[in-house]
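Structural characterization, general
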Amino acid sequence: MKKEKEILSIGLAAMLGVCAAGCAISKTDTPKEPFVPETVGVYEAEDASFTGNVAAVTDLKLAGYSGTGYVEGFQDDSDACTFSVSIAEDGFYDLNFVSTSMGGDKYNYVVVDGEQLGTVWIAESSFSDSVLNRVYLTAGDHEIRLVKYWGWISLDRLEIVTSEPIDEAVYQVTAGLCNPNASDETKRLYSYLMDIYGKKFLSGQYCDTGQRGKEFQLIQSVTGKTPAVLGLDFIEYTPSRVENGSNSMATEFAINFWEQGGIVTFCWHWNAPSKYLTGPWYSGFYNDYTNIDLAKIMNGQDQEGYDLLMADIDAIAVQLQRLEDAGVPILWRPLHEASGGWFWWGASGPEAYKKLYILLYERLTNEYGLDNLIWVWNGQDADWYPGDEYVDIIGEDIYPGERVYTSQAASYLNAANNYSTEYKMVYLSENGCLFDPDLAVRDGAMWGMWCTWGGEFVAKDSAFNTLSEQYTEEFMIKQVYEHEAVITLDELPDFSTYKIRKELK
Ligand code: CA
């Protein structure tokens, strides 16, 4: 209960902190007191316990370790080093696995008391910090394991230090809409999103057959509630799919859900133009099945490619225009997961991607005059951030595995602190399993929305109306949808009359 009061007071401060139009508060406007972490434990890896190939190194070739050495052998799945630690006080701690990489980026899993809480990253070739931030540990004994994901590290020690308190400014959204001509419907919706941010979670679900689809039906049958947000995809409107017989009702589903009082978000699995497809046409958004070179197109070395991409944008703009004509604002999340590199728009590096993102923004906003778009940027890496003037909301996509209900606080805080120079809302724009709202409130991971992906994450493929508990168990689906901080369709306000915030007028 205490936590809830804290969150409410944060929201109140946000409401009082009214800012005049155009005066977005920059993060640098509010300098912080330097925080000095306290080290509460140092545990040498060579004294820990080992699983699989992991062992203390006897031929110590690396310099700079502490204690009597370090451990190696993270090669096969389940290879692990386990630390038994003792904590004196309940609280948030940063776990620093001081280690080296045997070459390039290496990610490995952190498991605390049997629960996978995140990954740590190391690229340095000398012993360096590799930190998972803000892990909540109760007073007492805990088992902390570093488990092979990519492997190939030398691990010296685990240092446990107190975490820096969250800067409450991350909940106080100061960024208005990028498009100064945003429609009133869009401003009303965005005002609501700002008003609830830091206090509530919007429930969302991708369902490519609309609100009567199997994912929505299953959630309704289990919880009696309907998600507040319907997630849809413009994929089947893409010309290289239409040429192969695709058709879509996504725009109709969106209009219908908005008319029922719901909120709509769209992504776009942009199938590359047919000319560039090298595999099955229906997989043409994956870089592996195209030979499109976005860098060449954006550098003016492939004019035909540029023209084809513009024609694709025009095709999607037709749908966006239909939505605008119907008065439907959307949370628009194009060019998603770019930094992962698995989609062609992310396969030519950040510069080409940012040029395309900005071009898309300019074309849809300024040439087409689409004033119903709330731009959700989902590049997932600071180097891929196109600039504050093109981003309304930051989205992170996280698939942590099966039945992992942790809050993903480290990702939330990274997104809140390290991309924008302003305070923008941060959404969990795609997820596999649900997170436990109680843990999110405790950890301060106040994702403004989540939107679970469809198919196997909710339904068993073989049986249309059977809930799949592979990713989220039934008890947790109920717990989440019944949670008082979770907004479902029945709790949304009437957006036709919702008050527009002063700074958006
Ligand atoms: Ca050591």
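These notes cover the structure that comes with them. Model, not experiment: these values are computed from the prediction.

Moving on, we get to helix H7 (residues 303–325). Across its 23 residues, H7 extends 32 Å between first and last C-alpha, which sits within 8% of the 33 Å expected from 1.5 Å per residue. Among the residues of H7, Gly305, Leu309, Met310, Asp312, Ile313, Ile316, Ala317, Gln319, Leu320, Leu323 and Glu324 are the ones counted as buried. Where H7 terminates, the next one or two residues include glycine 327, which has phi positive at roughly 75°.

Once that is clear, we can look at the coordination of the calcium ion. The protein atoms that coordinate the calcium ion are Glu44 (OE), Glu46 (OE), Glu46 (OE), Ser66 (O), Gly69 (O), Asp156 (O) and Asp156 (OD), at distances spanning 2.1 to 2.8 Å. All donors of the calcium ion come from a single chain, and their spacing in sequence reads E-x1-E-x19-S-x2-G-x86-D. Remark: glycine 69 occurs in the loop between strand E3 (55–56) and strand E4 (71–72) and glutamate 44 occurs in strand E1 (residues 39–44); sequence separation between them is 25 residues. Grouping residues by exposure puts glutamate 44 and glycine 69 together as buried.

Attention shifts here to the packing of H7 against helix H8 (residues 349–367). Viewed as axis vectors pointing N to C, H7 and H8 meet at an angle of 45°, and their least axial separation amounts to 11 Å. Relative to H8, the element H7 lies oblique. In the crossing of H7 with H8, the sense of the turn from one axis to the other is right-handed. Between H7 and H8, the contacting residues are Tyr306, Leu309, Met310, Ile313, Asp314, Ala317 and Leu320 on the first element and Leu356, Leu359, Leu360, Arg363 and Leu364 on the second. Its residues assigned to classes, the contact of H7 with H8 shows 10 nonpolar, no polar and two charged.

Between helix H3 (residues 214–223) and helix H11 (residues 474–482), the shortest axis-to-axis distance is 9 Å and the interhelical angle comes to 85°. Judged by the inter-axis angle, H3 sits roughly perpendicular to H11. Side by side, H3 and H11 meet where Ile219, Val222 and Thr223 of the first sit next to Glu474, Ile477, Lys478 and Tyr481 of the second. Looking at the contact of H3 with H11, its residues break down into four nonpolar, one polar and two charged.

Attention shifts here to the sheet that holds strand E7 (residues 106–112). Working definition: the strands of a sheet are paired by backbone hydrogen bonds and lie parallel or antiparallel to each other. If you trace the five strands from one edge of the open sheet to the other, you get E2-E5-E10-E7-E8, paired in antiparallel fashion. Here the strands that pair on one side only, and so sit at the sheet edges, are strand E2 (49–51) and strand E8 (115–122). For this sheet, the mean inter-axis angle between neighbouring strands, taken without regard to orientation, is 25°. Strand direction decides the pairing type here: E7 and E8, joined by seven bridges, are antiparallel. Bridge pairing in E8 links tyrosine 109 to threonine 119.

Glancing now at the packing of aromatic side chains. Each aromatic ring pair is specified by the distance between its two centres and by the angle formed by the two planes. Applying the stated criterion across every chain, the model contains 40 aromatic pairs. Residues phenylalanine 216 and phenylalanine 257 carry aromatic rings whose centres are separated by 5.7 Å and whose planes lie at 85° to one another, so their mutual orientation is edge-to-face. Of this pair, phenylalanine 216 sits in helix H3 while phenylalanine 257 sits in helix H5 (residues 250–259), and the two are 41 residues apart along the sequence. Across the pair, exposure class does not vary: phenylalanine 216 and phenylalanine 257 are buried alike. Their ring planes at 90° and their centres at 6.3 Å tell us that tyrosine 405 and phenylalanine 475 sit as a pair that is edge-to-face. With tyrosine 405 in the loop between strand E18 (393–398) and helix H9 (409–418) and phenylalanine 475 in helix H11, the pair connects residues that are 70 residues apart, well separated along the chain. The exposure class of tyrosine 405 is buried, given its relative accessible area of 8%. Three or more aromatic residues link up through ring pairs in this structure, and these residues are Phe234, Tyr237, Phe266, Trp332, Tyr353, Tyr357, Tyr361, Trp375, Trp384 and Tyr390. Across the ring face of phenylalanine 92, the terminal group of arginine 134 is positioned such that the distance to the ring centre comes to 4.1 Å.

Another aspect to go through is the environment of tryptophan 121. In this structure, tryptophan 121 sits in strand E8. Classification of tryptophan 121 as partly exposed rests on a relative accessible area of 40%. For the pair formed by tryptophan 121 and asparagine 244, sequence separation is 123 residues and the distance between their alpha carbons is 42 Å. Apart from the residues within four sequence positions on either side, tryptophan 121 is in contact with Asp105, Lys106, Tyr107 and Ser130. Polar contacts involving the side chain of tryptophan 121 include one to the side chain of aspartate 105, which spans 3.0 Å.

Parameters and conventions
Residues numbered from 1 in each chain as written. Predicted model: local features only at pLDDT ≥ 70, side-chain atom pairs only at ≥ 80, totals over all residues. Heavy atoms only, no water. Helix = DSSP H or I, 4+ residues; strand = E, 2+ residues; numbered from the N terminus. Expected span 1.5 Å × (residues − 1). Buried < 20%, exposed > 50% of the residue type's maximum accessible area, 1.4 Å probe, protein only. Donors = N, O, S within 2.8 Å, 3.2 Å for Na, K, Ca; no water. Axes fitted to C-alpha atoms, helices over the stretch in contact; angles between N-to-C directions. Parallel < 35°, antiparallel > 145°, perpendicular 65-115°, else oblique. Left-handed = near helix turned anticlockwise from the far one by under 90°. Contact = heavy atoms within 4.5 Å. Nonpolar A, V, L, I, M, F, W, Y, C, P; charged D, E, K, R; others polar. Pairing = 2+ DSSP bridges. Phe/Tyr/Trp six-rings, centres within 6.5 Å; stacked < 30°, edge-to-face > 60°. Lys NZ or Arg CZ within 6 Å of the ring centre and 35° of its normal. Polar contact = N/O pair within 3.5 Å; in protein donor to acceptor, adjacent residues only side chain to side chain.

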